[in-house]
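Tertiary structure, described
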2 protein chains.
Amino acid sequence: MYVAQLEGREKRPLGDMFGLQNFGVNLTTLKPGAISALRHAHAKQDEFIYVLHGTPTLYTDEGATPLSPGMCAGFKAGSGNGHQLVNESEADVLYLEIGDRSGGDQVVYSDDDLQAEFVDNIFRFAHKDGSPY
Amino acid sequence: MYVAQLEGREKRPLGDMFGLQNFGVNLTTLKPGAISALRHAHAKQDEFIYVLHGTPTLYTDEGATPLSPGMCAGFKAGSGNGHQLVNESEADVLYLEIGDRSGGDQVVYSDDDLQAEFVDNIFRFAHKDGSPY
């Protein structure tokens, strides 16, 4: 699902290049039409994005917010307010995304029958009723 | 000490604006002649910087490395290799700095008689022999 939209997303793991373990920093490109992820919220892990180029649209419970270079957004763990970036423009979007690696994280997807648990440094996915995909 | 060099440094705590607690993200400006900090290394906390504008010089045990916009560097906890950015140019430098807030952190300053311990979310400073300042 959403495979075409996720195929237009490319992540370069900058933090991993330096062996960082406490948080990750990705330099992510979204081609026109691509999305950052399904709209989701983390229980334990904070997230932060900083726009370098292009004009992504941020979707949260409050609706659509247009972003441009130099703008940033933070997504505090436990808020329950799902977030997603969508490139609705005709040009590439480039942004930095930062997230920590707190254990015991759970992810709820706002608009889809999907949830995930962060166990042994891997996310495991299931339907919202807990049944596996 | 180094007061003039640190006065030319301005940090905007972007992550705190969104209530993030697991890591900090600062948008930091260095005026010409200003430094990011005394050269130092963390025992537990990872650090990462991404240059947005200007040409800071990175100092580590390997010496001086000129940086420019789009370049980044990560400083893995426990390496013991101290780092510092110095603005040796005539123009302002702007960069993002990210660091986590792992407890039990200790900081050793490479070139100065200074060390720090992260206790109760505050850094406490002392001489390298443990005596207080």
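Here the residue numbers are simple positions, counted from 1 along each chain's written sequence. Going through the entries in the order they are written, you letter the chains from A and number the ligands from 1. Local features are withheld for residues below a pLDDT of 70 in this predicted model, meaning they are given only at 70 or higher, and side-chain atom pairs are given and counted only at 80 or more; totals for whole chains, interfaces and linings count all residues. For the side-chain quantities, the full set of heavy atoms in the structure was used; hydrogens and water were omitted.

**Some remarks on empty space enclosed by the protein**
Grid points spaced at 1 Å over the protein atoms alone were grouped into cavities, where a 1.4 Å probe fits but cannot get out, and pockets, open sets with protein on both sides within 12 Å along at least five of seven lines, with lining residues defined by an atom within 4 Å of a point. Grid points are joined across faces, edges and corners, and a volume is the space filled by probe spheres set on the points. For the structure shown, the criterion picks out 2 cavities of 30 Å³ or more. Taken as a whole, the largest cavity spans an internal volume of roughly 50 Å³. Lining the largest cavity we find Ala41, His42, Gln45, Glu47, Phe75, Lys76, Ala77, Ser79, Asn81 and His83 of chain B. Classes in brief: Ala, Val, Leu, Ile, Met, Phe, Trp, Tyr, Cys and Pro nonpolar; Asp, Glu, Lys and Arg charged; the others, Gly included, polar. Its residues placed into classes, the lining of the largest cavity shows 3 nonpolar, 5 polar and 2 charged. Taken as a whole, the second largest cavity spans an internal volume of roughly 40 Å³. What lines the second largest cavity is simply His40, Ala41, His42, Glu47, Phe75, Lys76, Ser79, Asn81 and His83 of chain A. Helical segments are the DSSP runs of H or I of at least four residues, strand segments are the runs of E of at least two, and each set is numbered from the N terminus. The element best represented in the lining of the second largest cavity is strand S3 (residues 40-42) of chain A, accounting for 3 residues. Its residues placed into classes, the lining of the second largest cavity shows 2 nonpolar, 5 polar and 2 charged.

**What to know about unusual backbone geometry**
Residue and element names in this part refer to chain A. We note that Asn121 has phi near 65 degrees; this positive angle belongs to a residue other than glycine. Tracing the backbone through its elements, the reader meets Asn121 in the loop between strand S11 (115-119) and strand S12 (122-126). Summary of the burial criterion: residues with accessible area below 20% of their type's maximum are buried, those above 50% are exposed, and those between are partly exposed, where the area comes from a 1.4 Å probe applied to protein chains only. For Asn121, a relative accessible area of 61% corresponds to the exposed category.

**What about the interface of chain A and chain B?**
Only heavy atoms matter for contacts: two residues are in contact if any of them lie within 4.5 Å across the pair. Contact with chain A, which involves 27 residues of that partner, is made by 27 residues of chain B. Here the buried area means the combined drop in accessible surface, using a 1.4 Å probe, for two parts upon being joined, counting both sides. With both sides pooled, the region where chain A packs onto chain B buries about 2100 Å², and carbon together with sulfur makes up 72% of that total. Any carboxyl oxygen of Asp or Glu that lies within 4 Å of a side-chain nitrogen of Lys or Arg is treated as forming a salt bridge with it. There are 0 salt bridges connecting chain A and chain B. For the purposes of these results, a polar contact is taken to be a pair of N or O atoms within 3.5 Å, where, inside protein, one atom must be able to donate a hydrogen and its partner to accept one; residues adjacent in sequence count only when each atom of the pair is a side-chain atom. Put simply, chain A and chain B have 12 residue pairs in polar contact (both at pLDDT 80 or more) between them. By residue class, the composition of the side of chain A that touches chain B is 14 nonpolar, 8 polar and 5 charged.

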